[in-house]
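Okay, here's what each chain looks like letter by letter:
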Number of protein chains: 2
Amino acid sequence: MSEVYGVRRSRLRDRCAATGSDGALVSRPANVRYLAGGAPPGAVLLMGRAEDILLCPRALTGDPADGRPDDRLRLTVLPTSAGDPAVAAAELARTEGVESLAVEEHHLTVVRHRALRSVAPRLRIADLGLAVEHLRIVKDEEEIACLRIAAEITDQALGELLESILVGRTERHLALELERRLVDHGADGPAFATSVATGPNSGRGGHRPTDRRVEEGDFLSVCVGANYRGYRCEIGRTFVIGTSPADWQIELYDIVFAAQRAARESLLPGAAYREVDHAARQILNAAGHGEGLAQLTGHGVGLEIEEDPRLGPAAMGKLDACVPVTVEPGVHVPGRGGVRIDDTLVVRQEADGGPELLTITTKELLAL
Amino acid sequence: MSEVYGVRRSRLRDRCAATGSDGALVSRPANVRYLAGGAPPGAVLLMGRAEDILLCPRALTGDPADGRPDDRLRLTVLPTSAGDPAVAAAELARTEGVESLAVEEHHLTVVRHRALRSVAPRLRIADLGLAVEHLRIVKDEEEIACLRIAAEITDQALGELLESILVGRTERHLALELERRLVDHGADGPAFATSVATGPNSGRGGHRPTDRRVEEGDFLSVCVGANYRGYRCEIGRTFVIGTSPADWQIELYDIVFAAQRAARESLLPGAAYREVDHAARQILNAAGHGEGLAQLTGHGVGLEIEEDPRLGPAAMGKLDACVPVTVEPGVHVPGRGGVRIDDTLVVRQEADGGPELLTITTKELLAL
């Protein structure tokens, strides 16, 4: 397994060499984790001339949430008096003879960046840009296996919730119960703050649970995902509570379902990001629900719940095989509620069967 | 209530004027919330020449977790195409005639800072530094009332857990159950990730719950706190499971208890931050537990769970009245476990009765 991390780091090293940097300082937590295998919070990775060094603000404790750092890395636990690990790394780079250090300017604050420059004034500081984020887009099979397990856990937790009595319970309690079930089934935790939305709140993207109770006739929309070994997936479903659905509910559900299916079916290697978005958006537009749509129809998932690619109207780029993404269109009708349907899928060649659906909970409109 | 926010902003405005800035851009979320009363995630506050403007990346939804913005602010909801609110704010500042804009360089990334400069090249960009963080140290009675409620909720949740059967349950489940109980009692959520540590894990600061199950004879240490209207408190207690405590457990508990009491008793207006730390640390040192102690004996709490002041050996400054802090010494003996005792208190004048204890769960060594 260590080899994977070594390969990732040597790809980054090539990228740096091509832009004239002989060292890199990686500070964004998900990027550190991707290249180091595991790291305690606040650790930074210095890719120096001779070796790669993980600078940790505290000792490793075997905490599963930290993962296990690649054993080819040199580990340095900084004394508490050492201050900021990024600054310590810049000093170390200087003493190791690095001349040009590429740093993550989209993650470092102005104050930290200035501190780096002041401890190593003769070091040339360049911008690493989104180099690591770009490496992270296409996943290997080990990463996809983690996402698959995360999705299985999520499907189980959601399935169990649907078997329980829902009427009268609050959004907040349902969200907490889902998160408990994720952990019961082996998740390291929720992948993001679980969203449960009822009645007029339903269908709102990113809705934070309130004390509103589930009522008969409500739409109930749920968005939940597990974090398994750092990998995060997402599922969203909308249900009707109690009685059989009203006509407007069936109609709205069918529209969102058709939009989500169209986007799912467009997930093929070579498809432009914005084509996937367009596939869903044009159906919602045609049905008169173009107003107030979310900026994105979906996004990449992995070590972060929202990462590249972004599937939106202005996104530039094309899908590759082995890129896991969400497809999550939704419509919210103010005052009435709405529908969101959200899956995590992996882009696959048509010869390999096309997009691989990780979140398999039914998308029929269930009346619970 | 709006007046409070107006007063806070005018104090900041005076601070800016004194350093030659005629505008300020506040981006750190807790600082925005402090000055604006409430804001959706990602909002920034521009204090311009004529008026104060809250720039929001999305419409307000009445979400209680966002709070309610002060109605004297001008609210601007940015279209999704507008990009980064901080950049939009810099443009607005320029058009309003601001000449020198103070920004939070400890929060803005290098990339965002550069984007600000490029949209408004003639605007002088200065550093606001930790001006807002410093204003936040001394709390008003309304803020302390929120912390008091947060502490009551936390005491209730912890008290209920202690009445349940603990042996055989995992650290992770106990942590999730505590968080559910916090919400049951009216918290907006946990103030931070709940820590439950058993047996050899007990007493470790910031321990993240594992699948280890509670066993007879274990030390069990818990650190938990509620978030109530944005205000966060913290309590830590250590218990013995099942049988009566072993001699080494009683001895260790007594040492940590004495250290924690000494630090609590030193919390008076005018006491140096490091005196409070020293009060606890010297007792732990004298008992032979000086190795591996945490960097801080305690810290401020408020809109963030760890804020100024920092009560450590190198901290500069003196306590004021109405500053809420934690006092949380702990000792962890590798392989055996340990003890942490953690309270949230408010510094008060001796004439007012001295430090006000918010977290009132007993600190006797309970055998559960």
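Thresholds, definitions, all that
Residues numbered from 1 in each chain as written. Chains lettered and ligands numbered in written order. Predicted model: local features only at pLDDT ≥ 70, side-chain atom pairs only at ≥ 80, totals over all residues. Heavy atoms only, no water. Helix = DSSP H or I, 4+ residues; strand = E, 2+ residues; numbered from the N terminus. Rg over C-alpha atoms; globule rule 2.2 N^0.38 Å. Contact = heavy atoms within 4.5 Å. Areas by Shrake-Rupley, 256 points an atom, 1.4 Å probe, with all protein chains shown as cover. Lys, Arg positive; Asp, Glu negative; His and termini not counted. Charge placed at Lys NZ, Arg CZ, Asp CG, Glu CD. Axes fitted to C-alpha atoms, helices over the stretch in contact; angles between N-to-C directions. Parallel < 35°, antiparallel > 145°, perpendicular 65-115°, else oblique. Left-handed = near helix turned anticlockwise from the far one by under 90°. Least-squares fit on C-alpha atoms with pLDDT ≥ 70 in both. Buried < 20%, exposed > 50% of the residue type's maximum accessible area, 1.4 Å probe, protein only. Pairing = 2+ DSSP bridges. Domains from an automatic or database assignment. Salt bridge = Lys/Arg side-chain N within 4 Å of Asp/Glu carboxyl O. Polar contact = N/O pair within 3.5 Å; in protein donor to acceptor, adjacent residues only side chain to side chain. Nonpolar A, V, L, I, M, F, W, Y, C, P; charged D, E, K, R; others polar. Buried area = accessible area lost by both parts, 1.4 Å probe. Phe/Tyr/Trp six-rings, centres within 6.5 Å; stacked < 30°, edge-to-face > 60°. Lys NZ or Arg CZ within 6 Å of the ring centre and 35° of its normal. Core = buried A, V, L, I, M, F, W, Y, C linked by side-chain atoms within 4.5 Å.

Re the overall build of chain A
So, step 1. Tallying secondary structure elements over chain A gives 9 helices and 19 strands in all.
So, step 2. Compactness check: chain A gives a C-alpha radius of gyration of 23 Å against a globular reference of 21 Å for 368 residues, within 12% of the reference.
So, step 3. Counting only C-alpha atoms and orienting by the principal axes, one finds that chain A spans roughly 70 × 40 × 40 Å.
So, step 4. In chain A, 67% of the contacts between residues at least 6 apart in sequence involve partners at least 24 apart.
So, step 5. For chain A, the accessible area works out to roughly 14,900 Å², and carbon and sulfur atoms hold 51% of it.
So, step 6. With 42 positive and 54 negative side-chain charges, chain A shows a separation of 5 Å between the mean positions of the two kinds.

Points about the packing of helix H6 (residues 141-162) of chain A against helix H7 (residues 171-184) of chain A
Residue and element names in this part refer to chain A.
So, step 1. For the pair H6 and H7, the least separation of the axes is 9 Å and the interaxial angle reads 135°. Here H6 is positioned oblique relative to H7, judged by the angle of their axes. Here H6 runs over H7; the crossing is right-handed. Between H6 and H7, the contacting residues are Ile153, Thr154, Ala157, Leu158, Glu160 and Leu161 on the first element and Leu174, Glu177, Leu178, Arg181 and Leu182 on the second.

Re the relation of the copies chain A and chain B
So, step 1. Once turned by 180° and shifted 0.0 Å along the axis, chain A lies on chain B with an RMSD of 0.0 Å. Interpreted geometrically, this transformation is the action of a two-fold axis. Rotation axis and chain A: the residue whose C-alpha lies nearest the axis is Thr109 of chain A, separated from it by 1.9 Å.
So, step 2. With an isologous cut-off of 70% or more, the 100% of interface residues of chain A that recur at the interface of chain B puts this contact in the isologous class.

Thoughts on the pairing of strand E8 (residues 195-198) of chain A
Residue and element names in this part refer to chain A.
So, step 1. Of the two faces of E8, the one lined by Ser195 and Ala197 and the one lined by Val196 and Thr198 are each fully buried.
So, step 2. Where E8 lies against strand E9 (residues 219-224), 4 bridges are found, and the strand directions are antiparallel. Its bridge partner lying in E9, Ser195 is registered against Cys223.

What about the domain arrangement of chain A?
All names here are of chain A.
So, step 1. In terms of domain boundaries, chain A breaks down into domain 1 (2-135) and domain 2 (141-357).
So, step 2. Taking only C-alpha atoms, the centre of domain 1 and the centre of domain 2 are 34 Å apart.
So, step 3. On the domain 2 side, the residues contacting the 7 residues of domain 1 number 7 residues.
So, step 4. Inspection of the domain 1/domain 2 interface yields 2 salt bridges.
So, step 5. Here Arg8 and Glu143 are joined by a salt bridge, their closest N and O atoms 3.7 Å apart.
So, step 6. On the surface where domain 1 and domain 2 come into contact, there are 2 residue pairs in polar contact (both at pLDDT 80 or more).
So, step 7. Elements supplying a minimum of two residues to the side of domain 1 that touches domain 2: helix H2 (29-36) and helix H5 (131-135).
So, step 8. Within the side of domain 1 that touches domain 2, the residues separate by chemical class into 2 nonpolar, 1 polar and 4 charged.

Looking at the interface of chain A and chain B
So, step 1. Listed by partner, the interface residues are 31 residues for chain A and 32 residues for chain B.
So, step 2. For the pair chain A and chain B, the two sides together bury roughly 2,500 Å², of which 53% comes from carbon and sulfur.
So, step 3. It is Val110, Arg172 and Arg208 of chain A in chain A that bury the most area against chain B; as a group they hold 24% of the surface buried on that side.
So, step 4. In this assembly, chain A and chain B are joined by 4 salt bridges.
So, step 5. In this structure, Asp188 of chain A and Arg172 of chain B form a salt bridge, with 3.8 Å as the shortest nitrogen-oxygen distance.

Digging into the packing of aromatic side chains
So, step 1. This model, assessed by the stated rule, comprises 2 aromatic pairs over all chains.
So, step 2. Judged by centre distance (5.5 Å) and plane angle (80°), the rings of Phe219 of chain A and Trp248 of chain A are edge-to-face. Linking Phe219 of chain A in strand E9 with Trp248 of chain A in helix H8 (residues 247-265), this pair joins segments that are 29 residues apart in sequence.
So, step 3. Judged by relative accessible area, Trp248 of chain A falls into the partly exposed class, the value being 24%.
So, step 4. When the ring centre of Tyr34 of chain B is taken as origin, the NZ or CZ atom of Arg8 of chain B, which lies over that ring, is 4.0 Å away.

Regarding the side chain of Asp277 of chain B
So, step 1. Tracing the backbone through its elements, the reader meets Asp277 of chain B in helix H9 (residues 273-286).
So, step 2. Within the local environment of Asp277 of chain B, its side chain forms a polar contact with the side chain of Thr297 of chain B, the two groups lying 2.6 Å apart.

Description of the side chain of Asp218 of chain A
Residue and element names in this part refer to chain A.
So, step 1. Position of Asp218 among the secondary structure elements: in the loop between E8 and E9.
So, step 2. Side-chain polar atoms of Asp218 contact the backbone nitrogen of Glu215, separated by 2.9 Å.
So, step 3. The contact partners of Asp218, leaving out residues within four places of it in the chain, are Thr198, Gly199, Arg212, Arg213, Phe239, Val240, Ile241 and Gln249.

Quick notes on the pairing of strand E17 (residues 337-340) of chain A
All names here are of chain A.
So, step 1. Residues Gly337 and Val339 line one face of E17 and the alternating positions Gly338 and Arg340 line the opposite face, and both faces are buried.
So, step 2. Pairing analysis gives 4 bridges linking strand E16 (residues 330-333) to E17, with the strands arranged antiparallel. Each bridged residue has a counterpart across the sheet, and for Gly330 the counterpart in E17 is Arg340.
So, step 3. With antiparallel pairing between neighbouring strands as the criterion, E16 and E17 make up a hairpin whose turn holds 3 residues, including Gly335 at a positive phi of roughly 85°.

Brief notes about the nonpolar core
Across soluble globular proteins, nonpolar side chains have a tendency to be buried as a group.
So, step 1. Leu12, Leu54, Leu128 and Leu220 of chain B are the most contacted members of the largest nonpolar core, which totals 58 residues.
So, step 2. With 10 residues, the top contributor of residues to this core is helix H6 (residues 141-162) of chain B.
So, step 3. Each of two domains, domain 1 (2-136) and domain 2 (141-357) of chain B, supplies a minimum of three residues to this core.
So, step 4. Grouped together as the second largest cluster of nonpolar side chains are 54 residues, Ala43, Ala131, Val214 and Tyr228 of chain A included.

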